[in-house]
Amino acid sequence: MAERFDAIVIGVGQAAPALCARLDKEGLKTALIERHLLGGTCVNTGCIPTKTLIASARAAHMARRGGDYGFARSAARVDMAAVKRRKDRVVRQSIEGLKKWIGGMKHVELIRGHARFLGARRVGVNRRELEAERIFIDVGARAAIPELPGIKEVPFFTNSSIMKVGFLPRHLLIVGGSYIGLEFAQMYRRFGSQVTVVERAPKLLPREDDDVAAEIRAVLEREGVRIRTDAECMALEKQGKRIVVSLHCKSGKPLAEGTHALLAVGRTPNTDDLGLREAGIETDERGYIKVDDECRTSVNGVWALGECNGRGAFTHTAYNDYEIVAANLFDNDKRRISDRIMTYALFIDPPLGRAGMTEAEARKSGKRVLVGNMPMARVARAREAGETQGFMRVLVDAESKELLGATILGMSGDEVVHSLLDMMYAKRPYTTIQRAMHIHPTVTELIPTLLGSLKPL
């Protein structure tokens, strides 16, 4: 006989613990099922470990820049085993905190095993059958492995497997010039590796405005990262101790070589072995679970949250999915996915903070748009810190005076962008920011000045 629960949550990604806490608060008997690692990508192979590594890489980089700040420059030879131990310690603390949180939930049972749908609201795990009127899927995604010639003969890392590395690759060859690939590129260059990035598109970060992508490329190249774009046809080959990528490019040599390879070419949802067909749950052609504006799937009583639903590939979108589901289920608050303004960051140094439209999207919107640009070299705080790379951009609707988009590529850009994002949610005119008194000296204090430079796009 099937065991009855009020709710079943499959996968302990970023949405699941908070959702289980709310289900527990409501007194609902809940089965929480996880087959591998608590916390999903963010805790184990994404945000927490990579940002810990980035911090170590920045420390080494700043030590080498000592002469810029008036003290003896350091060679800063990096002990990668020690860097890895630090990263592992931070990750372990996060996992232990998560275990303690889940363990303190009175109505939640954590089940270790591989869950598979047996029917619309019936799940099998470890030879147990579980039933519930409400089932929530939070299984995330994994690194995509492209069908490149030679891919099965050449050893490579993904963003997950490279977390186990405790040595310094002599020359890291990164296939993929988007967000994940570029963070690793700068990180390992600062650790001391030679780094080459190979990107199929004509530019890095195809979703970003051309000048943003160009400036990011310049930042990386100034640090010694080699970049090859427009590499439409790629093939991998092992030649002795070298890994070679054959390229068909409009310029440059037809080969890129390295000692180790990292594939960073996208993500694949972890939905292929859940028995979704048996449950009648629809997916798109890439395997992402189709959901409506409240994260509900095609089956009544089943929701999909986080990266597996294809509506956002970030920790913050996963958590927002939880907030939307909880608000609609328990708070009579009709929150929607379509209500949110897309925002994200690229955590290179200096970071890129993005909110709302790009300039290219604004041009296609049909709106009358105003734009303001400012180089970071004009920001006193950036000059004082010796961090003048990048620029800031804002986009404004000329009629309503509401902010449409923001791009902050520069010192503290991942933090500064939130002042503009919050104003976008408030739907207040940009003049509201201009009337505020800001702290000096900060980066944010130049936002009113930036808004004072608006011109027709």
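Reading guide: rules and limits
- Here the residue numbers are simple positions, counted from 1 along each chain's written sequence.
- Confidence filtering applies because this is a predicted model: local features only for residues at pLDDT of at least 70, side-chain atom pairs given and counted only at 80 or more, and all residues used for totals across whole chains, interfaces and linings.
- Computation of side-chain values: all heavy atoms of the structure, hydrogens and water removed.
- Criterion used throughout: strands pair if DSSP finds at least two bridges between them.
- Labels follow the DSSP assignment, with helices taken as runs of H or I lasting at least four residues and strands as runs of E lasting at least two, numbered in each case from the N terminus.
- Each axis is a line fitted through C-alpha atoms, and for a helix only the stretch in contact is used; angles between axes span 0 to 180 degrees, taken between their N-to-C directions.
- What makes a salt bridge here is a side-chain nitrogen of Lys or Arg within 4 Å of a carboxyl oxygen of Asp or Glu, nothing more.
- Summary of the burial criterion: residues with accessible area below 20% of their type's maximum are buried, those above 50% are exposed, and those between are partly exposed, where the area comes from a 1.4 Å probe applied to protein chains only.
- What makes two residues a contact is simply this: any of their non-hydrogen atoms within 4.5 Å.
- Lining residues are defined by having an atom within 4 Å of a point belonging to a cavity or pocket. Those points lie on a 1 Å grid over the protein atoms alone, cavities being sets where a 1.4 Å probe fits but cannot get out and pockets being open sets with protein on both sides within 12 Å along at least five of seven lines.
- Grid points are joined across faces, edges and corners, and a volume is the space filled by probe spheres set on the points.
- When residues are grouped by polarity, Ala, Val, Leu, Ile, Met, Phe, Trp, Tyr, Cys and Pro land in nonpolar, Asp, Glu, Lys and Arg in charged, and all others, Gly among them, in polar.
- Take the buried residues of types Ala, Val, Leu, Ile, Met, Phe, Trp, Tyr and Cys, join any two whose side-chain atoms come within 4.5 Å, and each joined set is a nonpolar core.
- Multiplying one less than the number of residues by 1.5 Å gives the expected span of a helix.
- Counting of polar contacts relies on pairs of N or O atoms within 3.5 Å, with two restrictions inside protein: one atom must be capable of donating a hydrogen and the other of accepting it, and residues adjacent in sequence are counted only when both atoms are side-chain atoms.

Here we look at the sheet that holds strand β13 (residues 234-239)
And step 1. Taken in spatial order, the three strands make up an open sheet running β13-β14-β15, and their pairing is antiparallel. Both outer strands of the open sheet, β13 and β15 (255-258), are each paired with one neighbouring strand and no more. Adjacent strand axes in the sheet meet at a mean angle of 20 degrees, parallel and antiparallel pairs treated alike.
And step 2. In the sheet, β13 pairs with strand β14 (residues 242-247) via six bridges, with the strands oriented antiparallel. Its bridge partner lying in β14, L236 is registered against V245.

Examining the pattern of salt bridges
And step 1. Here the structure, examined in full by the defined rule, presents 38 salt bridges.
And step 2. In this structure, E387 engages R65 in a salt bridge whose closest nitrogen and oxygen atoms are separated by 3.3 Å. Highlighted residues: E387 in the loop between α10 (380-385) and β22 (391-397) and R65 in the loop between α3 (47-64) and α4 (80-103), separated in sequence by 322 residues. The pair E387 / R65 is uniform in exposure class, with both members buried.
And step 3. Its salt-bridge partner being E294, residue R336 comes within 2.8 Å of it at the nearest N-O pair. On the criterion of sequence distance, the pair formed by R336 in the loop between α8 (315-330) and β19 (343-346) and E294 in the loop between α7 (276-279) and β18 (302-304) is long-range, its members being 42 residues apart.
And step 4. The partly exposed category is assigned to R336, whose relative accessible area is 25%.
And step 5. Residue class for E294 comes out buried when judged on its relative accessible area of 9%.
And step 6. Look at the salt bridges and you will find they share partners, linking R58, R65, D68, R190, E223, D349 and E387 into a network.

A look at the sheet that holds strand β3 (residues 30-34)
And step 1. Here five strands make up an open sheet; going across it, the order is β4-β3-β2-β8-β18 and the pairing parallel. Where the open sheet ends on each side, the last strands, each with one partner, are β4 (108-112) and β18. Mean inter-strand twist for the sheet, computed between neighbouring axes without regard to direction, equals 15 degrees.
And step 2. The pairing of strand β8 (residues 134-137) with β18 spans three bridges and is classified as parallel. Bridge pairing in β18 links F136 to W303.
And step 3. The sheet strands contacting α8 are β8 and β18, and the helix crosses β8 at an angle near 165 degrees.

Things to note about the layout of surface pockets
And step 1. For the second largest pocket, the calculated volume is near 250 Å³.
And step 2. If you trace the second largest pocket, you find 13 residues lining it, with R58, I348, D349, P351 and D414 closest to the centre.
And step 3. Broken down by class, the residue content of the lining of the second largest pocket amounts to seven nonpolar, one polar and five charged.

Re the nonpolar core
Buried together is how nonpolar side chains tend to be arranged in soluble globular proteins.
And step 1. Of all hydrophobic cores here, the largest spans 50 residues; its most connected members are I8, F117, F136, I137 and I281.
And step 2. When residues in this core are grouped by element, the largest group, five residues, is from helix α1 (residues 16-25).
And step 3. For I8, the residues in contact, after removing those within four places along its chain, are A31, I33, V123, L130, E131, A132, R134, I135 and F136.
And step 4. A57, M80, L346 and I348 belong to the second largest nonpolar core, which has 34 residues in total.

What about unusual backbone geometry?
And step 1. Following D349, the chain continues to P350 via a peptide bond in cis, the omega torsion being 5 degrees.
And step 2. Each neighbour pair has its own omega, and for H440 with P441 the value is -5 degrees, a cis peptide bond.
And step 3. As for its position among the elements, P441 is in the loop between α12 (431-434) and α13 (447-451).
And step 4. With a phi close to 60 degrees, D230 is a non-glycine residue in the positive phi region.
And step 5. Its location among the elements puts D230 in the loop between β12 (226-228) and β13.

Focus on α4
And step 1. With 24 residues, α4 should reach 34 Å at 1.5 Å per residue; the first-to-last C-alpha distance of 34 Å fits that figure.
And step 2. Along α4, the positions that sit buried rather than exposed are M80, V83, K87, V91, I95, L98 and I102.
And step 3. Considering only its buried residues, α4 is in contact with α1, β3, α2 (40-44), α3, β4 and α5 (179-191).
And step 4. Put simply, D79 is the residue that caps the front of α4, since its side-chain oxygen is 3.2 Å from the backbone nitrogen of A81.

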